[in-house]
Amino acid sequence: MSYYIYDDKKIYYSETGSGQPLLLLHGNTASSKMFAQIAEEYSKSFKVILIDFLGHGQSDRLESFPADIWFYEAQQVISFLKHKQYSDVKLIGSSGGAMVALNVALEAPDLVKKVIADSFEGEKADEAFTKNLLADREKAKNDLNAQGFYVYMHGQDWEQIVDNDTDAIIRHQKKIGNFFHKPLAKLRCEILLTGSKEDSFMNSISDNYYEKVYGDILKTIKNGRMHLFPKGDHPAMISNFIEFYDLSIEYLSN
């Protein structure tokens, strides 16, 4: 297994395939294992890189997660890219990983060529989103299928990781609000925003959630577009993988 050091802690990463680097960024409470099968497909066209953010998967643990978690995780990615001397990297971020990807593109524009940001909340934390998340997390912790997912992602200490993440999201919504330190208007690379119209979690907050939130984002950035899948749940890149894969290959290869 391969590791690199950030903040005096070990971060797990793996690389498969050859060609241009494509980094897949996992969402909250997940790990790079969520991309196990997907990575095999992408490795036919790219050098696929997976990492586990600190506190997740096979990376070193944290006692608690910082409130500015998605920015902190973006710093981990930037450190990795500089360590490996990668440039013109393409990023696909899922859910919270999409916010990480956008933070990377904003903070290190010279390193990033294209971003696919899939199934994420938007520019700012939404109080209703956080409230729904809390209820969803408590339900998941008592659901055997969800427990199985968490164990597969992290191991037996999964509950502490889920609790750390929930606590960070609450503190972020109350104290910070903005997911990005710079306005999205400063994005220089091409951006594709994706989601599912039937995303039950987002639609529980408001009807046509992505149409509204992504639509507002696209008013501020120059090189962005949106693709919403008619079917599928959260995240779209998993629930619509065949269609998502075809779309992403076409987008990333141009």
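So, here's what we can say about the structure. Everything numeric here is computed off the predicted structure, so don't read it as measured data.

### A short note on the packing of aromatic side chains
Piece 1. Applying the stated criterion to the full structure yields 18 aromatic pairs.
Piece 2. A ring pair is formed by tyrosine 3 and tyrosine 12, whose centres lie 5.9 Å apart and whose planes are at 70°; its orientation type is edge-to-face.
Piece 3. Every member of this aromatic cluster is reached through a ring pair, and the members are Tyr4, Tyr13, Phe80 and Tyr86.
Piece 4. The side chain of lysine 10 reaches across the aromatic face of tyrosine 3, ending 4.7 Å from its centre.
Piece 5. The ring of tyrosine 152 carries the charged tip of lysine 33 above its face, separated from the ring centre by 5.1 Å.

### Section: the nonpolar core
Piece 1. Of all hydrophobic cores here, the largest spans 59 residues; its most connected members are Leu23, Ile51, Val77, Leu81, Val104, Val115 and Phe120.
Piece 2. Sequence-distant contacts of leucine 23, defined by excluding residues within four places in its chain, comprise Ile49, Leu50, Ile51, Val77, Leu81, Val89, Lys90, Leu91 and Ile92.

### Some thoughts on the sheet that holds strand β6 (residues 112–118)
Piece 1. Strand order across the open sheet formed by eight strands is β1-β2-β4-β3-β5-β6-β7-β8, with mixed pairing between neighbours. This sheet does not close on itself; its edge strands, each paired only once, are β1 (2–6) and β8 (224–229). Neighbour to neighbour, the strand axes of the sheet diverge by 25° on average, direction disregarded.
Piece 2. In this sheet, β8 lies alongside strand β7 (residues 190–196) in parallel orientation, the contact comprising six bridges. Paired with threonine 194 across the bridge in β8 is histidine 227.
Piece 3. On the sheet, helix α8 (residues 209–218) packs against β6, β7 and β8 and is oriented at approximately 170° with respect to β8.

### Here we look at the environment of alanine 67
Piece 1. Within the secondary structure, alanine 67 sits in the loop between β4 (47–51) and α2 (69–84).
Piece 2. With a relative accessible area of 13%, alanine 67 lands in the buried category.
Piece 3. Linking alanine 67 and lysine 175, residues 108 residues apart in sequence, is a C-alpha distance of 8.1 Å.
Piece 4. Setting aside its immediate chain neighbours within four residues, alanine 67 contacts Ala168, Arg171, His172 and Ile176.

Conventions and cut-offs
- Residues numbered from 1 in each chain as written.
- Predicted model: local features only at pLDDT ≥ 70, side-chain atom pairs only at ≥ 80, totals over all residues.
- Heavy atoms only, no water.
- Phe/Tyr/Trp six-rings, centres within 6.5 Å; stacked < 30°, edge-to-face > 60°.
- Lys NZ or Arg CZ within 6 Å of the ring centre and 35° of its normal.
- Core = buried A, V, L, I, M, F, W, Y, C linked by side-chain atoms within 4.5 Å.
- Buried < 20%, exposed > 50% of the residue type's maximum accessible area, 1.4 Å probe, protein only.
- Contact = heavy atoms within 4.5 Å.
- Pairing = 2+ DSSP bridges.
- Helix = DSSP H or I, 4+ residues; strand = E, 2+ residues; numbered from the N terminus.
- Axes fitted to C-alpha atoms, helices over the stretch in contact; angles between N-to-C directions.

By themselves these figures say nothing about function.
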